[in-house]
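# Architecture and fold: a report
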Amino acid sequence: MSQKLHYITIRGTKDGLVFILDDSCSFEDLIIELREKLSSEPDKFTGEPLMAVKLKTGNRYLTEEQQQQIRELILKKKNLIVEDFESNVITKAEAEEIAKQKRVTSITQIVRSGQLLEITGDLLLVGDVNSGASIKATGNIYIMGALKGTAHAGCEGNEEAVIVASIMQPTQVRIGEVFCGGADLLHSGIEDVKSAYVDRDNREIMLGRIQTLYKRKSSVTT
């Protein structure tokens, strides 16, 4: 008599339950075993308190329909809620989006008052950003010229982004959701300000010389 394989491992954590799904069996076998596990120990998966379930699928890619099928099975247990699916596999669209976010776009132009320049990824601008003009990037912003308008780096929430300019005289700099006005530059007490980044402890824009960015990077990697 052959021994039945176990395709699902359930582990308890301080944050809830982790379901580890085998990535070599068929999806149908997973569903059969999931149904059996949830019904074999009714006292374990009913009652209070509400428990979050994280599903780790390894090298298996689950379609939206397959994820929904798993959700519906788990949600039949009143105290379980699906928090997340974790997979080592990403779709082509997701891979293309990651590549786009890491791309550096080089543009040579003057951004004039009233204009908005918006980029996905890092922006390398060779030219000035005039007063009344705005530039935005999901990544870092590097300006080989004067920043006199508004610059918004990490505009989709990346507060690790930085803003660098040869001449830093902005109306406003913004990184993620953190910002400061150009008046702060005048009262910073720092000569030759060329960079801006977010202080992780206080979530404030910090202004400094280029060398400040090297020190910041070193403190993160050590």
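No experiment lies behind these values; they were computed from the predicted model shown.

## Structural notes on empty space enclosed by the protein
Counted under the stated rule, the structure contains one cavity of 30 Å³ or more. Approximately 30 Å³ is the volume attributed to the largest cavity. It is helix H1 (residues 27–40) that contributes the most residues to the lining of the largest cavity, three residues altogether. Its residues assigned to classes, the lining of the largest cavity shows seven nonpolar, no polar and no charged.

## Let's talk about the sheet that holds strand E14 (residues 195–199)
Pairing is mixed across the open sheet formed by six strands, whose spatial order is E5-E7-E9-E11-E14-E15. Looking at the sheet topology across the chains shown, the edges are occupied by strand E5 (104–108) and strand E15 (204–208). On average, each strand axis in the sheet is inclined to that of its neighbour by 25 degrees, with strand direction left out of account. Sheet topology note: the strand E9 (residues 141–147)/strand E11 (residues 163–168) ladder contains five bridges and is parallel. Counted as the bridge partner of Leu147 is Met168 from E11.

## Some details on the packing of H1 against helix H2 (residues 64–75)
At a minimum axis separation of 10 Å, H1 and H2 run at an interaxial angle of 10 degrees. On the basis of the axis angle, H1 is roughly parallel to H2. Contacts from Phe27, Ile31, Leu34, Arg35 and Leu38 in H1 reach Gln66, Gln69, Ile70, Leu73 and Ile74 in H2. Here the residues of the contact of H1 with H2 sort into seven nonpolar, two polar and one charged.

## Examining a nonpolar patch on the surface
Residues Leu50, Leu75 and Ile81 make up a contiguous nonpolar surface patch of roughly 280 Å² in combined accessible area. Classification of Ile81 as partly exposed rests on a relative accessible area of 41%.

## Brief notes about the side chain of Gln67
Locating Gln67 in the fold gives a position in helix H2. Within polar-contact distance, the side chain of Gln67 engages the backbone oxygen of Leu62 at 3.5 Å. Every residue in contact with Gln67, bar those within four places of it in the chain, is listed here: Leu62 and Phe85.

## A short note on the pairing of strand E4 (residues 80–86)
One ladder, built from six bridges, connects strand E3 (residues 51–56) with E4; its direction is parallel. Its bridge partner lying in E4, Val53 is registered against Val82. On the question of chirality, the crossover connecting E3 to the parallel E4 by way of H2 is right-handed.

## A few points about unusual backbone geometry
With a phi close to 50 degrees, Arg203 is a non-glycine residue in the positive phi region. Looking at the element boundaries, Arg203 is found in the loop between E14 and E15.

## Observations concerning the layout of surface pockets
By volume, the second largest pocket amounts to about 240 Å³. Every residue lining the second largest pocket is counted, 15 residues in all, and those nearest its centre are Tyr61, Leu62, Gln67, Ser87 and Glu94. Contributions of two or more residues to the lining of the second largest pocket are made by H2 and E4. Sorting elements by how many residues they give to the lining of the second largest pocket places H2 first, with three residues. Split by residue class, the lining of the second largest pocket holds five nonpolar, five polar and five charged.

The rules we used
- Residues numbered from 1 in each chain as written.
- Predicted model: local features only at pLDDT ≥ 70, side-chain atom pairs only at ≥ 80, totals over all residues.
- Heavy atoms only, no water.
- 1 Å grid on protein atoms, 1.4 Å probe; cavity = no way out; pocket = protein on both sides within 12 Å on 5 of 7 lines; lining within 4 Å.
- Points joined across faces, edges and corners; volume = space filled by probe spheres on them.
- Helix = DSSP H or I, 4+ residues; strand = E, 2+ residues; numbered from the N terminus.
- Nonpolar A, V, L, I, M, F, W, Y, C, P; charged D, E, K, R; others polar.
- Pairing = 2+ DSSP bridges.
- Axes fitted to C-alpha atoms, helices over the stretch in contact; angles between N-to-C directions.
- Parallel < 35°, antiparallel > 145°, perpendicular 65-115°, else oblique.
- Contact = heavy atoms within 4.5 Å.
- Patch = residues over 30% accessible without salt bridge, like charges linked within 9 Å, V, L, I, M, F, W, Y side chains within 5 Å.
- Areas by Shrake-Rupley, 256 points an atom, 1.4 Å probe, with all protein chains shown as cover.
- Salt bridge = Lys/Arg side-chain N within 4 Å of Asp/Glu carboxyl O.
- Buried < 20%, exposed > 50% of the residue type's maximum accessible area, 1.4 Å probe, protein only.
- Polar contact = N/O pair within 3.5 Å; in protein donor to acceptor, adjacent residues only side chain to side chain.
- Right-handed = clockwise from strand over helix to strand, strands pointing away.

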